[in-house]
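Structural overview for review
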Amino acid sequence: MPNKSNTKRKAAGSGNIRQRSNGLWEARYTTGTDVKTGKQIQKSVYGKTQKEVRQKLSRIIAELDEGTYIEPSKMTLSEWLDIWTRDYLGGVAESTAFQYKRKIELYIRPALGKVKLCNLDTNMIQRMYNELGSESEGKSGLSPKTIKDINGVMHKVLQQALLQNYIRINPANACVLPKRVKPEIHPLSDEQIKQFLSAIDGHVHERMYKVFLFTGMREGELLGLKWECVDFSKGTILIDKQLRKSQEKGGKYYFSLPKHDKIRRITPAPYVFSVLKEQKEYQEQLKNAAGRAWEDSGLVFTNELGQFISYRTVYDCLKRIV
């Protein structure tokens, strides 16, 4: 009759490597001594083959000898994502934090949330990116830019886990991202410029669209431009802020630094300043008409009460014009 103890076979000559009854191989190692009980602290690693387990064990023993060993975290990626989004987004813009959380909930958590941090590897992350970029059920995959953005979030999440010794390496470092082909930019032709100017002629936001056309300022920078940043004597415009809207439902408008925090000073053509002078005169007319209802926001482009113009107003107007 076979001995039941033989169902758990030790690997020949290994001493601390054995095969379990379920077929997996296990390697046990000692990380130290419990100061309270005086007993050795035993840990295990597992693998499908004896070779795999032996390699894991060799790496761990080397780390123990070098003093670089890190206790494997039992925390799942999903649990760490909860901590990271709660405690480590205080230094980023509200709109950026919203985008981070959105990518986590739409893509990262559904795919890898149940995986333990200590078990997460480059192959798992790479497979997620490949699947997100592939066509599925007749729907096209995500663009290379979106996948690059997702990887940016993933890298930040795991880098913080690395700094806190939850993981040994950042597995997102070795991922290969799809090549992003930047679309070729085609500036408006002279004929297209004429058509645009003709289309906005007489519109309430005509001057704003002209400044937009001849300066290349972003929408938020234009909507957040204040008179204090316009220097008529030197012919310069300081772009040090932009008007943003929180992307959460019912989000509020607020000011933030320009995109990529790039504060800059531009020197537009004299024509732009002639348009801005017209805007200043027009704004004085609005102020006189509004009386006490006027809000002195300091903004260059406002509604009839001196308040900021919303993105939706700008887009809706452009749709009707162009």
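Report on the accompanying structure. None of the values given here were measured: they were computed from a predicted structure.

Across its full length, the protein chain carries 10 helices and nine strands. Here the C-alpha atoms of the protein chain give a radius of gyration of 30 Å, more than 25% beyond the 20 Å that 2.2 N^0.38 yields for 322 residues. Its C-alpha atoms give the protein chain principal-axis dimensions of roughly 100 × 50 × 35 Å. Expressed as a percentage of its 322 residues, the buried residues of the protein chain come to 36%. For the protein chain, restricting intrachain contacts to residue pairs at least 6 apart in sequence, the fraction spanning at least 24 positions comes to 52%. On the protein chain, roughly 20,600 Å² of surface is accessible, and the fraction owed to carbon and sulfur atoms is 50%. Of the charged side chains in the protein chain, 54 are positive and 36 negative; the average position of the first set lies 9 Å away from that of the second.

Let us look at the nonpolar core. Leu77, Ile108, Ile125, Met154 and Leu158 are the most contacted members of the largest nonpolar core, which totals 29 residues. At seven residues, the largest contribution of residues to this core is made by helix 5 (residues 144-163). When neighbours within four sequence positions are excluded, Leu158 is seen to be in contact with Leu77, Leu117, Leu120, Ile125, Ile167, Asn170, Pro171 and Ala172. If you look at the next biggest cluster of nonpolar residues, it comprises 26 residues, including Val211, Leu225, Leu243 and Val300.

This part is about the pairing of strand 8 (residues 253-256). Along any regular strand, the residues point their side chains to alternate faces of the sheet. The side-chain alternation of strand 8 yields one buried face, formed by Tyr254 and Ser256, and one unburied face, formed by Tyr253 and Phe255. As paired strands, strand 7 (residues 242-245) and strand 8 are joined by four bridges and run antiparallel to one another. Paired with Arg244 across the two strands is Tyr254, which belongs to strand 8.

Under the counting rule described, the total for this entry stands at seven aromatic pairs. An angle of 50° between the planes, with centres 6.0 Å apart, marks the rings of Trp80 and Tyr88 as tilted. Residue classification places Tyr88 among the partly exposed positions, given a relative accessible area of 33%. Among the aromatic residues, those joined into a cluster by ring pairs are Trp80, Tyr88 and Tyr166. Sitting over the face of the ring of Trp227, Lys280 holds its NZ or CZ atom 4.0 Å from the ring centroid.

With that settled, the discussion passes to the sheet that holds strand 6 (residues 236-239). Spatial strand order, 5-6-9: three strands in an open sheet with antiparallel pairing. Every interior strand has two partners, whereas the edge strands, strand 5 (230-231) and strand 9 (264-266), have only one. In this sheet, strand 9 lies alongside strand 6 in antiparallel orientation, the contact comprising three bridges. Each bridged residue has a counterpart across the sheet, and for Ile239 the counterpart in strand 9 is Arg264. In this fold helix 9 (residues 270-290) packs onto strand 5 and strand 6, with an angle of close to 75° to the strand it touches most, strand 6.

Another aspect to go through is the pattern of salt bridges. Throughout the structure, instances matching the rule amount to 12 salt bridges. Taking the shortest distance from any N to any O, the salt bridge between Asp87 and Arg86 comes out at 2.9 Å. According to the relative accessible area criterion, Asp87 is partly exposed, its value standing at 42%. A salt bridge links Glu221 to Arg218; its shortest N-O distance comes to 3.4 Å.

Cut-offs and rules
- Residues numbered from 1 in each chain as written.
- Predicted model: local features only at pLDDT ≥ 70, side-chain atom pairs only at ≥ 80, totals over all residues.
- Heavy atoms only, no water.
- Helix = DSSP H or I, 4+ residues; strand = E, 2+ residues; numbered from the N terminus.
- Rg over C-alpha atoms; globule rule 2.2 N^0.38 Å.
- Buried < 20%, exposed > 50% of the residue type's maximum accessible area, 1.4 Å probe, protein only.
- Contact = heavy atoms within 4.5 Å.
- Areas by Shrake-Rupley, 256 points an atom, 1.4 Å probe, with all protein chains shown as cover.
- Lys, Arg positive; Asp, Glu negative; His and termini not counted.
- Charge placed at Lys NZ, Arg CZ, Asp CG, Glu CD.
- Core = buried A, V, L, I, M, F, W, Y, C linked by side-chain atoms within 4.5 Å.
- Pairing = 2+ DSSP bridges.
- Phe/Tyr/Trp six-rings, centres within 6.5 Å; stacked < 30°, edge-to-face > 60°.
- Lys NZ or Arg CZ within 6 Å of the ring centre and 35° of its normal.
- Axes fitted to C-alpha atoms, helices over the stretch in contact; angles between N-to-C directions.
- Salt bridge = Lys/Arg side-chain N within 4 Å of Asp/Glu carboxyl O.

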